[in-house]
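Chains, contacts and geometry: an overview
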Amino acid sequence: MQWPWRRRKVVVVVVLRKLLTCAICVIALMGLLSVRVHVFPSSKVSDLTDPYKLPTVTQQHELNYQKLSAEKKWTQELTPPHLSKEQAPPHLSKAPLSSHKLNGANGSLDFEKLWKQPSNRDFVPCVQPGSNYTAPDESRGYLLVHTNGGLNQMRAGICDMVAVARIINATLVVPELDKRSFWQDTSNFSDVFDEDHFINALANDVNVIKKLPKDLSSATKVVMHFRSWSGLEYYRDEIASLWEEFQVIRAAKSDSRLANNHLPPDIQKLRCRACYEALRFSPKIEAMGKLLVDRMRAYGPFIALHLRYEKDMLAFSGCTHGLSDVEAEELRTIRENTAYWKIKDINATEQRSRGYCPLTPTEVGIFLTGLGYPSNTPIYIAAGEIYGGDTHMADLRSRYPILMSKEKLASVEELEPFTNHASQMAALDYIVSVESDVFIPSYSGNMARAVEGHRRFLGHRKTISPDRKALVRLFDKIEKGLLMEGRKVSNRISEIHKKLQGSPRRRRGPVSGTKGMDRFRSEEAFYVNPLADCLCKRVSGNVNASTASMR
């Protein structure tokens, strides 16, 4: 009678042991699954429950955004992102943060490499004038300036005209912005730039006034097309001599009127003070730009991609690769009908083979993949309307679905003050591009050059400049099926661009063998690379960047 009881006791014990074993396994498994690998550095973005969802008001104020550099800050209090369901990209995945790596990559090590900034080698801004620099001399007359081109072409021209005014002892009247260019923008100087700050910041360098005095409205004026890339002697001798006959000199154009090199150090430093300190965007633009930067940072480290695939650029350059015959003809007609574009007949194939064409959105996708950036990399598209819209963006979007822009990050109401003003919209893209973790231009136009120079001035922030001529050869092989995307292509792209990531170097001089105007034209532009005129080696123990000197 005792055996059945003992048998039941044994069975109960065995069952209890199995249940206990299962419970231990479940607890252990839950512990393993709960482990999270944090790949975003804490200085970049805080740990969000959904890495691609913009935070709530409370979360936004808890974010520890990367501090902007001491040399330049975009002024705007933190405003919470507020994308509606309609504005938020519908395709954002909810993969964990640890998915930020390419298949076969080495996890966080590759992640750090992708976002690592180049060494600035202790180069810091040194833009203060020398000990013999004096307040502006007594004005001999007034300099009126009509700027020309888009935003960044005008920016460079304005800064050059500040230097010219100093050289010829002129009072500079706040420049007029170009209202007749391709963009037909009606913005005035004060709409785009902080006019009062501009005047006050240059008080020790040049006398600047908002308008020409009324009593001079009928004064004798001379309209001059200053000679391109001219040096000190031209302005000090030829132009300054005009004061003997005229009270007002009007510069018909402002772009490329001053030499890149071989100017006195104080004049070069003045150009940098004008560009990076005095020429600040208007408060409303700075505020909106800062807001866009904050909203992009909510996604984590991001790339600002200057995708110069807009109608005006393609028409001007004559680049038609990947376009339909109808699109190519439309661009040809625009070029033919734009009077101030001198070159009309362009061989598109030859242009592209020489590296003179902007990368197409499809080519940009191959390039970014080759560099190793994973598909969930946040990308800000700094550009106007992309030619062909979704048709030409489809391939890039399929590779990188987190494609953002000012139109996606901000509401229609927020952007309304800037809409229909190309220069103001470009200024917003400029701010985000300067503050991005990585900046990549698809073409070396005025915007790309200006942003690159500004990022160099602020500490040599990572700027990857595509070698378009070398890339085209790779792209053509891929298109013809002679080469497959993969490790071999990635290694080749990475090798080509190893030294094209914004590390310190001196500004390039003229191309060997060039003469005359071609010699000056071939020089690297001053505002692309302010080293060594405005960047110096930090003196040991001296933390004041402005007083650092060359070793």
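Residues numbered from 1 in each chain as written. Predicted model: local features only at pLDDT ≥ 70, side-chain atom pairs only at ≥ 80, totals over all residues. Heavy atoms only, no water.

**Some remarks on a nonpolar patch on the surface**
The condition that has to hold: The patch calculation keeps residues exceeding 30% relative accessible area without a salt bridge and links them within 9 Å when they carry like charges or within 5 Å when they are nonpolar (Val, Leu, Ile, Met, Phe, Trp, Tyr). For the accessible areas, the method is Shrake-Rupley and the probe is 1.4 Å, while residue cover comes only from the protein chains on display. Just to be clear on terms, a salt bridge is a Lys or Arg side-chain nitrogen sitting within 4 Å of an Asp or Glu carboxyl oxygen. Where helices and strands are cited, they refer to DSSP runs of H or I of at least four residues and of E of at least two residues respectively, numbered from the N terminus. For the exposure calls, accessible area comes from a 1.4 Å probe over protein chains only, and a residue counts as buried if that area is under 20% of its type's maximum, exposed if over 50%, partly exposed in between.
Taken together, the side chains of F182, W183 and Y340 define a hydrophobic patch exposed on the protein surface, amounting to about 310 Å² of accessible area. Locating Y340 in the fold gives a position in the loop between helix 11 (325-337) and helix 12 (348-353). Given the relative accessible area of 48%, Y340 is considered partly exposed.

**So, the environment of I167**
As a reminder of what qualifies: Whether two residues are in contact is decided by their heavy atoms, any of which lying within 4.5 Å being enough.
In this fold, I167 is placed in helix 4 (residues 151-167). A C-alpha to C-alpha distance of 7.4 Å links I167 and L232, two positions 65 residues apart in sequence. The contact partners of I167, leaving out residues within four places of it in the chain, are L232, Y235, R236 and I267.

**Re the state of the cysteines**
Selection rule: Working definition: a disulfide is two cysteine sulfur atoms within 2.5 Å of each other.
As enumerated under the stated definition, the model contains three disulfides in all. Between the sulfur atoms of C272 and its disulfide mate C534 the distance is 2.0 Å. What sets the handedness of the C272 and C534 disulfide is the S-S torsion sign, and at about 90° it is right-handed. Taken together, the residues span a long stretch of sequence, with C272 in helix 8 (residues 265-278) and C534 in the loop between helix 21 (516-521) and strand 11 (535-537) at a distance of 262 residues. Accessibility classification places C272 together with C534 in one group, the buried group. Disulfides within the chain link the bonded cysteines, taken in sequence order, as 1-6, 2-5, 3-4. With no disulfide of its own, C159 lies 4.1 Å from the sulfur of C275, the closest cysteine sulfur. Taking the relative accessible area as the measure of exposure, C275 reaches 6% and is therefore buried.

**So, the packing of helix 4 against helix 18 (residues 446-457)**
We apply this condition: Think of each axis as a best-fit line through the C-alpha atoms, taken over the contacting stretch in the case of a helix, with angles from 0 to 180 degrees between the N-to-C directions. The scheme is simple: roughly parallel for angles under 35 degrees, roughly antiparallel for over 145, roughly perpendicular for 65 to 115, oblique for anything else. For any pair of crossing helices, the crossing counts as left-handed if the nearer helix is rotated counterclockwise from the farther one by less than a right angle, and right-handed if it is rotated clockwise. Three classes are used: nonpolar for Ala, Val, Leu, Ile, Met, Phe, Trp, Tyr, Cys and Pro, charged for Asp, Glu, Lys and Arg, and polar for all others, with Gly counted as polar.
Taken N-terminus to C-terminus, the directions of helix 4 and helix 18 make an angle of 55°; their axes are 8 Å apart at the nearest point. Here helix 4 is positioned oblique relative to helix 18, judged by the angle of their axes. Relative to helix 18, helix 4 is oriented so that their crossing is left-handed. For the pair formed by helix 4 and helix 18, the contact residues are N152, Q153 and R155 on the first element and N446, M447, A450 and H454 on the second. Here the contact of helix 4 with helix 18 is built from residues that sort into two nonpolar, four polar and one charged.

**What about the nonpolar core?**
Most often, soluble globular proteins keep nonpolar side chains buried together rather than apart. Applicable threshold: Nine residue types can take part in a nonpolar core, namely buried Ala, Val, Leu, Ile, Met, Phe, Trp, Tyr and Cys, and a core is a set of them joined through side-chain atoms within 4.5 Å. Each domain's extent is set by a domain assignment, obtained either automatically or from a database.
Membership of the largest hydrophobic core comes to 87 residues, with the highest contact counts inside it found for F198 and F226. Sorting elements by how many residues they give to this core places helix 4 first, with ten residues. Domain assignment of the residues forming this core places at least three in each of domain 1 (113-119 + 283-535) and domain 2 (141-277). Setting aside its immediate chain neighbours within four residues, F226 contacts L143, M161, V164, Y234, Y235, I239, I249, A251 and R257. Residues V364, F367, I386 and A470 belong to the second largest nonpolar core, which totals 43 residues.

**Digging into the sheet that holds strand 7 (residues 303-306)**
Filter applied, for reference: DSSP calls a pair of strands paired once it identifies at least 2 bridges connecting them.
Spatially, the four strands line up as an open sheet ordered 9-8-7-10, and their pairing is parallel. Each edge of the open sheet carries a strand with a single partner, namely strand 9 (403-404) and strand 10 (438-441). Examined bridge by bridge, strand 7 and strand 8 (residues 379-381) share three bridges and lie parallel to one another. Bridge pairing links A304 to Y380 in strand 8.

**So, the packing of helix 9 (residues 283-297) against helix 17 (residues 422-435)**
Helix 17 packs onto helix 9 with a crossing angle of 45° between their chain directions and a minimal axis gap of 9 Å. Put simply, helix 9 runs oblique to helix 17. Considering the relative orientation of helix 9 and helix 17, their crossing is right-handed. Side by side, helix 9 and helix 17 meet where K284, I285, E286, M288, G289, K290, L292, V293 and R297 of the first sit next to Q424, A427, L428, I431, V432 and E435 of the second. Residues belonging to the contact of helix 9 with helix 17 are distributed by class as follows: eight nonpolar, two polar and five charged.

**A word on the packing of aromatic side chains**
Defined as follows: The criterion for an aromatic pair is that two Phe, Tyr or Trp rings (for Trp, the six-membered ring) have centres within 6.5 Å, with stacked assigned to planes under 30 degrees apart, edge-to-face to planes over 60 apart and tilted to the rest.
This model, assessed by the stated rule, comprises twelve aromatic pairs. Measuring from ring centre to ring centre gives 5.3 Å for F316 and W341, while their planes differ by 70°; the resulting arrangement is edge-to-face. One end of the pair, F316, is in helix 10 (residues 311-317); the other, W341, is in the loop between helix 11 and helix 12, and 25 residues separate them in sequence. Of the residues examined, W341 reaches a relative accessible area of 9% and is grouped as buried.

**A word on a positive patch on the surface**
How we decide: Asp and Glu are treated as the negative residues and Lys and Arg as the positive ones, with His and the ends of the chain left uncounted. By convention, charge coordinates are those of NZ in Lys, CZ in Arg, CG in Asp, or CD in Glu.
On the surface, a cluster of positive charge is contributed by K469, R473, K477, K488 and R492. When residues in the positive patch are grouped by element, the largest group, three residues, is from helix 19 (residues 468-479).

**Details of empty space enclosed by the protein**
Definition in use: Every definition here rests on a 1 Å grid over the protein atoms only: cavities are sets of points where a 1.4 Å probe fits but cannot get out, pockets are open sets enclosed by protein on both sides within 12 Å along at least five of seven lines, and lining residues have some atom within 4 Å of a point. Grid points are joined across faces, edges and corners, and a volume is the space filled by probe spheres set on the points.
Taken as a whole, this structure holds three cavities of 30 Å³ or more when the rule is applied. Looking at the largest cavity, its volume works out to about 100 Å³. Classifying every residue of the lining of the largest cavity by side-chain character gives nine nonpolar, four polar and three charged. Approximately 60 Å³ is the volume found for the second largest cavity. For the second largest cavity, the full set of lining residues is P136, D137, S139, A165, R166, N169, A170, D205, V206 and N207. Looking at side-chain class alone, the lining of the second largest cavity contains four nonpolar, three polar and three charged residues.

**Considering the pairing of strand 6 (residues 248-251)**
Where strand 2 (residues 141-145) meets strand 6, four bridges bridge the pair, whose relative direction is parallel. Bridged to V145 within strand 6 is A251. Bridge analysis of strand 5 (residues 221-224) against strand 6 gives four bridges, and the strand direction is parallel. Along strand 6, the bridge assignment pairs K221 with V248.

**Some points on the pattern of salt bridges**
For the structure on display, the rule yields 29 salt bridges. Residue D196 is joined to K210 by a salt bridge in which the shortest nitrogen-to-oxygen separation is 3.0 Å. Taken together, the positions of D196 in helix 6 (residues 195-201) and K210 in the loop between strand 4 (208-209) and strand 5 put the pair 14 residues apart, joining distant regions of the chain. Judged by its relative accessible area of 43%, K210 falls in the partly exposed class. In this structure, the salt-bridge partner of R308 is E310, at a minimum N-O distance of 2.3 Å. Overlapping salt bridges bring together E452, R456, R505, R508 and E524 as one network.

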